[in-house]
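# Inside the fold
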2 protein chains.
Amino acid sequence: MIVRQEIKHLLQQPPVGELVTVMGWVRAWRGNRFMVLNDGSGPQTLQVVVDQDKFPEETVRQIGFHACVRVVGTLTASQGSGQSVEVMAEQLEILGANDLSSYPLQPKKQTMEYLRENAQFRMRTNTFSSVFRVRHGVAYAVNKYFHDRGYYYLHTPIITGNDAEGAGEMFRVSTLDPINPPRTEAGEIDYNQDFFGKATNLTVSGQLQAEIGALALGKVYTFGPTFRAENSNTSRHLAEFWMIEPEIAFADIDNDMNLAEDFVKYLINFCLEQYPDDLAYLDQRIQDSEKNMKTADRRPMGLVDTLKFVVANDFARVTYTEALDILMRSKAYKKGKFEFPLSWGTDLQAEHERYLVEKHFERPVIVRDYPKDIKAFYMRQNDDGKTVAAMDVLFPYIGEVIGGSQREEREDKLRQRMQEMDVHADELAWYLQLRTFGGCPHAGFGLGFERIVQFITGMGNIRDVIPFPRAPRLADF
Amino acid sequence: MIVRQEIKHLLQQPPVGELVTVMGWVRAWRGNRFMVLNDGSGPQTLQVVVDQDKFPEETVRQIGFHACVRVVGTLTASQGSGQSVEVMAEQLEILGANDLSSYPLQPKKQTMEYLRENAQFRMRTNTFSSVFRVRHGVAYAVNKYFHDRGYYYLHTPIITGNDAEGAGEMFRVSTLDPINPPRTEAGEIDYNQDFFGKATNLTVSGQLQAEIGALALGKVYTFGPTFRAENSNTSRHLAEFWMIEPEIAFADIDNDMNLAEDFVKYLINFCLEQYPDDLAYLDQRIQDSEKNMKTADRRPMGLVDTLKFVVANDFARVTYTEALDILMRSKAYKKGKFEFPLSWGTDLQAEHERYLVEKHFERPVIVRDYPKDIKAFYMRQNDDGKTVAAMDVLFPYIGEVIGGSQREEREDKLRQRMQEMDVHADELAWYLQLRTFGGCPHAGFGLGFERIVQFITGMGNIRDVIPFPRAPRLADF
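In this text, all values refer to a predicted model and were calculated from it rather than measured experimentally. (Residues numbered from 1 in each chain as written. Chains lettered and ligands numbered in written order. Predicted model: local features only at pLDDT ≥ 70, side-chain atom pairs only at ≥ 80, totals over all residues. Heavy atoms only, no water.)

## A word on the overall build of chain A
Cut-off, in case you're wondering: Here a helix means four or more residues in a row that DSSP labels H or I, a strand means two or more in a row labelled E, and each is numbered from the N terminus. To sort residues, take the accessible area from a 1.4 Å probe on protein chains only and compare it with the maximum for the residue type: under 20% means buried, over 50% means exposed, and anything in between is partly exposed. Two residues qualify as a contact provided that any one of their heavy atoms is within 4.5 Å of a heavy atom in the partner residue. Working definition of accessibility: Shrake-Rupley area with a 1.4 Å probe, residue cover restricted to the visible protein chains. In summary, the charge assignment counts Lys and Arg as positive and Asp and Glu as negative, without counting His or the chain termini. By convention, the point assigned to a charge is CZ for Arg, NZ for Lys, CD for Glu and CG for Asp.
Tallying secondary structure elements over chain A gives 15 helices and 16 strands in all. For chain A, the C-alpha atoms occupy an extent of roughly 85 × 60 × 45 Å along the three principal directions. Burial status across chain A gives 60% buried among its 477 residues. Counted over contacts in chain A with a minimum sequence separation of 6, partners at least 24 positions apart contribute 67%. Accessible surface computed for chain A: about 18,900 Å², of which carbon and sulfur atoms make up 46%. For chain A, the distance from the average site of its 54 positive side-chain charges to the average site of its 66 negative ones is 5 Å.

## Some remarks on the domain arrangement of chain A
Residue and element names in this part refer to chain A. Our working rule: Start and end points for every domain follow an automatic or database-based domain assignment. Once two parts are put together, the accessible area they lose, assessed with a 1.4 Å probe and summed over both, is termed the buried area. A carboxyl oxygen of Asp or Glu within 4 Å of a side-chain nitrogen of Lys or Arg is what we treat as a salt bridge. Counting of polar contacts relies on pairs of N or O atoms within 3.5 Å, with two restrictions inside protein: one atom must be capable of donating a hydrogen and the other of accepting it, and residues adjacent in sequence are counted only when both atoms are side-chain atoms. We call Asp, Glu, Lys and Arg charged. Ala, Val, Leu, Ile, Met, Phe, Trp, Tyr, Cys and Pro are nonpolar, and the rest, Gly among them, are polar.
Domain parsing of chain A yields domain 1 (7-103) and domain 2 (124-169 + 204-464). Across the boundary between the two partners, domain 1 contributes nine residues, which contact eight residues of domain 2. Summed over both partners, the interface of domain 1 with domain 2 comes to about 650 Å²; 41% of that surface belongs to carbon and sulfur atoms. Contact with domain 2 buries area across many residues of domain 1, yet Arg 27, Pro 43 and His 66 alone supply 59% of it, more than any other trio. Between the two partners, domain 1 and domain 2, sit zero salt bridges. Taken together, the connections running from domain 1 to domain 2 amount to six residue pairs in polar contact (both at pLDDT 80 or more). For the side of domain 1 that touches domain 2, the class distribution of residues is three nonpolar, five polar and one charged.

## Topic: the interface of chain B and chain A
Here is the rule: By definition, two strands form a pair when at least two bridges between them are found by DSSP.
At the interface, 124 residues of chain B touch 124 residues of chain A. In this assembly, chain B packs against chain A so that about 9,800 Å² is buried in total across both faces, 62% of it on carbon and sulfur atoms. At the junction of chain B and chain A, the tally comes to four salt bridges. Residue Glu 6 of chain A is joined to Lys 219 of chain B by a salt bridge in which the shortest nitrogen-to-oxygen separation is 2.5 Å. Our count for the contact surface shared by chain B and chain A stands at 44 residue pairs in polar contact (both at pLDDT 80 or more). Of all the elements, helix H5 (residues 126-148) of chain B adds the most residues to the side of chain B that touches chain A, at eleven residues. When its residues are assigned to classes, the side of chain B that touches chain A shows 65 nonpolar, 35 polar and 24 charged. Two elements, strand S8 (residues 172-174) of chain A and strand S8 (residues 172-174) of chain B, share three bridges in a ladder whose sense is antiparallel.

## Quick look at the relation of the copies chain B and chain A
So the rule is basically this: Alignment of the copies relies on least squares applied to C-alpha atoms, considering only residues that score at least 70 for pLDDT in both.
Of the transformation superimposing chain B on chain A, the axial component is 0.0 Å and the angular component is 180 degrees, with the fit at an RMSD of 0.0 Å. Between the two chains, the operation in question is that of a two-fold axis. For chain B, the smallest separation between a C-alpha atom and the rotation axis is recorded for Val 173 of chain B, amounting to 2.5 Å. A share of 100% of interface residues in chain B that are also interface residues in chain A marks the association as one of identical surfaces.

## Here's the deal with the confidence of the model for chain A
For clarity, the threshold we go by: pLDDT gives the predictor's per-residue confidence on a scale running from 0 to 100.
Confidence in the prediction for chain A averages 95 pLDDT; 99% of positions are at 70 or higher. The ipTM, which scores confidence in the relative placement of chains, is 0.97 for this predicted complex, and the corresponding pTM is 0.97.

## Describing unusual backbone geometry
Residue and element names in this part refer to chain B. Even without being a glycine, His 66 presents a positive backbone phi close to 65 degrees. Along the chain, His 66 falls in the loop between helix H2 (57-62) and strand S4 (68-77). By relative accessible area, His 66 is classed as buried at 1%. Although it is not a glycine, Arg 473 adopts a positive phi angle of roughly 60 degrees.

## Thoughts on the nonpolar core
Note the following rule: As used here, the term nonpolar core means buried Ala, Val, Leu, Ile, Met, Phe, Trp, Tyr and Cys residues forming a set that is joined through side-chain atoms within 4.5 Å.
If you look at the biggest cluster of nonpolar residues, it comprises 262 residues, and the most contacted ones within it are Phe 395 of chain A together with Phe 395 of chain B. Beyond its immediate stretch of four places on either side in the chain, Phe 395 of chain B contacts Val 264, Ile 268, Val 310, Phe 315, Val 357, Pro 364, Val 401, Ile 452 and Phe 455 of chain B.

## Structural notes on the sheet that holds strand S9 (residues 200-202) of chain B
Consider a sheet: its strands pair through backbone hydrogen bonds, and that pairing is either parallel or antiparallel. Overall, antiparallel pairing links the six strands, which are arranged S7(A)-S9(A)-S8(A)-S8(B)-S9(B)-S7(B) in an open sheet. The two strands at the open ends of the sheet, each matched to only one other strand, are strand S7 (159-160) of chain A together with strand S7 (159-160) of chain B. With two bridges connecting them, S8 of chain A and strand S9 (residues 200-202) of chain A associate as antiparallel partners. Within the sheet, the bridge partner assigned to Arg 172 of chain A lies in S9 of chain A and is Asn 201 of chain A.

## Description of the packing of aromatic side chains
Selection criterion: Here the aromatic set is Phe, Tyr and Trp, taking the six-membered ring for Trp, and pairing holds for ring centres within 6.5 Å; pairs whose planes are under 30 degrees apart are stacked, those over 60 apart are edge-to-face, and all others are tilted. A ring is considered to have a charge above it if a Lys NZ or an Arg CZ atom is located within 6 Å of its centre and within 35 degrees of its normal.
What the rule picks out here adds up to 62 aromatic pairs over all chains. In this structure an aromatic cluster arises from ring pairing among Tyr 140, Tyr 145, Phe 146, Tyr 151, Tyr 153, Tyr 221, Phe 263, Tyr 266, Phe 270 and Phe 445 of chain A. The residue whose ring lies beneath Lys 375 of chain A is Tyr 370 of chain A, and the NZ or CZ to ring-centre distance is 4.2 Å. Sitting over the ring of Tyr 145 of chain B, Arg 149 of chain B keeps its end group 3.9 Å from the ring centre.

## Topic: the environment of Asn 269 of chain B
For Asn 269 of chain B, the location among the structural elements is in helix H7 (residues 253-274). When the C-alpha atoms of Asn 269 of chain B and Gly 73 of chain B are compared, they prove to be 38 Å apart, with 196 residues separating the residues in sequence.

## Here we look at helix H7 (residues 253-274) of chain A
All names here are of chain A. What counts here: Here a helix's expected span is defined as the number of its residues, less one, multiplied by 1.5 Å.
Between the first and last C-alpha of H7 there are 31 Å, a value that for 22 residues agrees with the 32 Å anticipated at 1.5 Å per step. Burial analysis of H7 places 16 of its 22 residues in the buried class, which makes it a mostly covered element. Put simply, Asp 252 is the residue that caps the front of H7, since its side-chain oxygen is 3.0 Å from the backbone nitrogen of Asp 254.

## Section: the pairing of strand S15 (residues 399-406) of chain B
The side chains of a regular strand alternate, residue by residue, between the two faces of the sheet. All names here are of chain B. The buried fraction of S15 is high, at six of eight residues. Pairing between strand S14 (residues 387-395) and S15: six bridges, direction antiparallel. Each bridged residue has a counterpart across the sheet, and for Phe 395 the counterpart in S15 is Gly 399. With five bridges connecting them, S15 and strand S16 (residues 442-448) associate as antiparallel partners. Its bridge partner lying in S16, Ile 402 is registered against Leu 447.

## Brief notes about helix H13 (residues 411-420) of chain A
All names here are of chain A. Selection rule: What the arc measures is the spread of directions leading from the helix axis to the C-beta atoms.
All buried positions along H13 are accounted for by Leu 414, Arg 417 and Met 418. Looking straight down H13, one finds its buried side chains confined to an arc of 100 degrees; they lie on one side. Facing away from the buried side of H13 by more than 90 degrees, the exposed set consists of Asp 412 and Gln 419. The inward-facing, buried residues of H13 abut helix H14 (429-436).

## A few points about the packing of helix H5 (residues 126-148) of chain A against helix H15 (residues 449-457) of chain A
Residue and element names in this part refer to chain A. Note the threshold: Fitted lines through C-alpha atoms serve as axes, helices being fitted only where they are in contact, and the angles separating the N-to-C directions of these axes extend from 0 to 180 degrees. Each angle is binned into one of four classes, with values under 35 degrees roughly parallel, values over 145 roughly antiparallel, values of 65 to 115 roughly perpendicular, and all other values oblique. Should the near helix be turned counterclockwise from the far one by less than a right angle, the crossing is left-handed, whereas a clockwise turn marks it as right-handed.
Relative to each other, H5 and H15 sit at 125 degrees, their axes nearing to 10 Å. In terms of orientation, H5 lies oblique with respect to H15. You can see that H5 and H15 cross each other, and the crossing is right-handed. Residues Val 131, Val 134, Arg 135, Val 138 and Ala 139 of H5 lie in contact with H15, whose contacting residues are Phe 449, Glu 450, Ile 452, Val 453, Ile 456 and Thr 457.

## Here's the deal with the pattern of salt bridges
Residue and element names in this part refer to chain A. Taken as a whole, this structure holds 52 salt bridges over all chains when the rule is applied. With a closest N to O distance of 3.0 Å, Arg 329 and Asp 325 form a salt bridge. Placement of the pair is Arg 329 and Asp 325 together in helix H10 (residues 320-329), with a separation of four residues, close to one helical turn. Owing to a relative accessible area of 39%, Asp 325 belongs among the partly exposed residues under this scheme. Among the charged side chains, a salt-bridge network with shared partners connects Arg 116, Arg 122 and Asp 464.

## Thoughts on the sheet that holds strand S5 (residues 85-96) of chain A
All names here are of chain A. Strand order in this closed barrel of five strands is S1-S2-S3-S5-S4, and the pairing throughout is mixed. Mean inter-strand twist for the sheet, computed between neighbouring axes without regard to direction, equals 55 degrees. Sheet topology note: the strand S4 (residues 68-77)/S5 ladder contains ten bridges and is antiparallel. Bridge pairing in S5 links Thr 76 to Glu 86.

## Thoughts on the pairing of strand S1 (residues 19-30) of chain B
All names here are of chain B. Note: S1 against S4, seven bridges, orientation antiparallel. Residue pairing in the sheet places Val 22 in a bridge with Val 71 of S4. Across five bridges, the pairing between S1 and strand S2 (residues 34-38) is antiparallel. Within S2, the residue paired with Trp 29 across the bridge is Met 35. Connecting the antiparallel pair S1 and S2 is a turn made up of three residues, with Gly 31 showing a positive phi of about 65 degrees.

See below:
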């Protein structure tokens, strides 16, 4: 059995004077004598004093950047500045050498694109190790938030035979021979002979199935991968991403908005409390990168200050109609600064959302009561006959982070919308039955997990907050 | 905004004498006067006293089995037996009526198969609501266990271009036109024109990518869906299931076994502590179903006692060679009771595993050091040249619940095994590089999530512990 102490714990309550065993990767050397070690447990490094009397120079020379070592030594109060304790090495063992001449990473600044291509090593860098520790923190906070409040985690299916929601292009899942697939007499693919006996796709949302859970267990949430086969090669889109979808019985659109605001604030606050060192590093990283920018292009607030501001202030709440009014009265609109047209019934574009959040309200905004024709069939119709009880939460930098709605629980109204929007009722018979038999008012929303991780870490490209991004022509690892 | 009190909370600290608002589904009536209400928050029901002076008989008659209602009334100490408090209804509103004459469920015993086909309603039954609350509990305990111990949750990819692990048949993911796919000159499918620019499949395991995380962050775990396109229509297999895969740097096979034992005991203990009422119900359910069985066919212990026993006792630990010796000396073997042959080098079959667990050791068993030729290429070779540092954790009833190993960190030995086992080194260049550059001893395992949920809930068929099971010709909902 291998026994070692983790650096994060050693620095929390340093057992000064004791013999410790640490293992990790060399982040740097200070001169020939001070080795800076990190073991991934946190962003903290441990300084190891390597006395050249004890260890021959050729041994030490082999222990370069990102070599993996085992160190046994006494933890002592440090005489140098920058650290409170250090280890006086008594044993030094190379677990994994690292030949810098062929190692893909180098101890210098490298582009994000290059690090993405070398994702087998990018988590060893300060930036990405912090990003993925914080990503873990957000995920844990998601589960803790819902568990502590009596929600049940529901695993909705990844492979689905539902083709009905129409939230976007889907990936087909099949085991049929692609070269000579079985065909029907009409020449179509005979999916009856496929693994599931029908055509199947990767899920775009677990919401419809989550409603089944809510209408039995009361409050549920999903947290799983979802997929879009959209050919959008942007810094905001992934083909495979994780989504969180709470669904609540006995709830209306107001309950839904309150939950959404409370929930995202909790996630941000959890990270502020639990990952201050990682966030401080990521904050500094942004400030460094903005040094040579014009003031107008810099973030108005640092990362940590932005997070604290979001937690401390109420989100603005407006109806779609009010939002449209604000936009059409704006100088930006009157000066023709918006690319996309605005009129009642059109969807808000990213530029409009950013104006509302960053210029007008200067805080997160919840827009509600959207025109029914730009929203999904399952959203509850308001009494005005024109809008539905939908809501989007808009954030600075990243735009829409949450989209939700009260669900249409009235079977006749739901059927009518399905017919109008060409959703086949026979494929969703079970969904309609949830209204026929013992239904009730219910609501829910979807949070794009990578979007909120992007916001909390301040990373500019969504591909840098997921360990192994999937996008058009990108499925490495 | 809708305001209500949850039944679980009301019964924990009953605010006797106060006016409360509850919403839920009618589980039963006791006479015409006592309505039994459940809202999914827990297995507990709340008795509502419906006075016929206040509510006309025809209203009451409409509120049948699984109708959804809103009740406002005063919480009072109950005079009847079976409950400590009850609500004296002052308002009664039907949120969702339920016409029993067409409702798929009926207030009587129905087969598991039938309930599976009507999964839109099965979570409203006592059995399935308990199963899915406990499933949530196991999932939460997974995250809590690892978070509290400094592991980072890593999302490994669902869609993968890796075809190398060969853990089983895979599902193909594609957006190519299935009827007229683009072809190469040789007549093959031209996957270069597919969404990802290459052939892709659904993952069978996140382990290889998790090793990337462990060799940077130290300790990581995955918890996500995995897939097998195997045509096995059994009560033990799913085509889509959730798997947990911790991966740890600076760990050997002994660390791995200790973690596995501690981890599963924690999961079981968490459920015993947090879901006693659900487990008591499931325990009683098994006892009821075994009433008419022969003693030999019954479980030797009740469900809760079994769980307590597993937590309280050390797992037995033997090598594969010792296990084989035990089996070949057994009466069962000598009397020819095993269907499958036994000799050094053959894999243990379910019947052998069950013998070890249920007959010989009478407790969970960890078998280690399996012959290298029946295990995967990445497992670390032992010094005997014949075995690898692999381990399986075997449980009563469900068999293998965990499979793990120390990973081969020596690049030359790994390359040699890949060559011998026909794994293409060029497709896994990044995996080999983890050894070339700063590697270290590391280990991990995979826990089949549904298997452990099956064990804890005592459900006989794995399709009854996942909300929407996927299996050959089964992709409903």
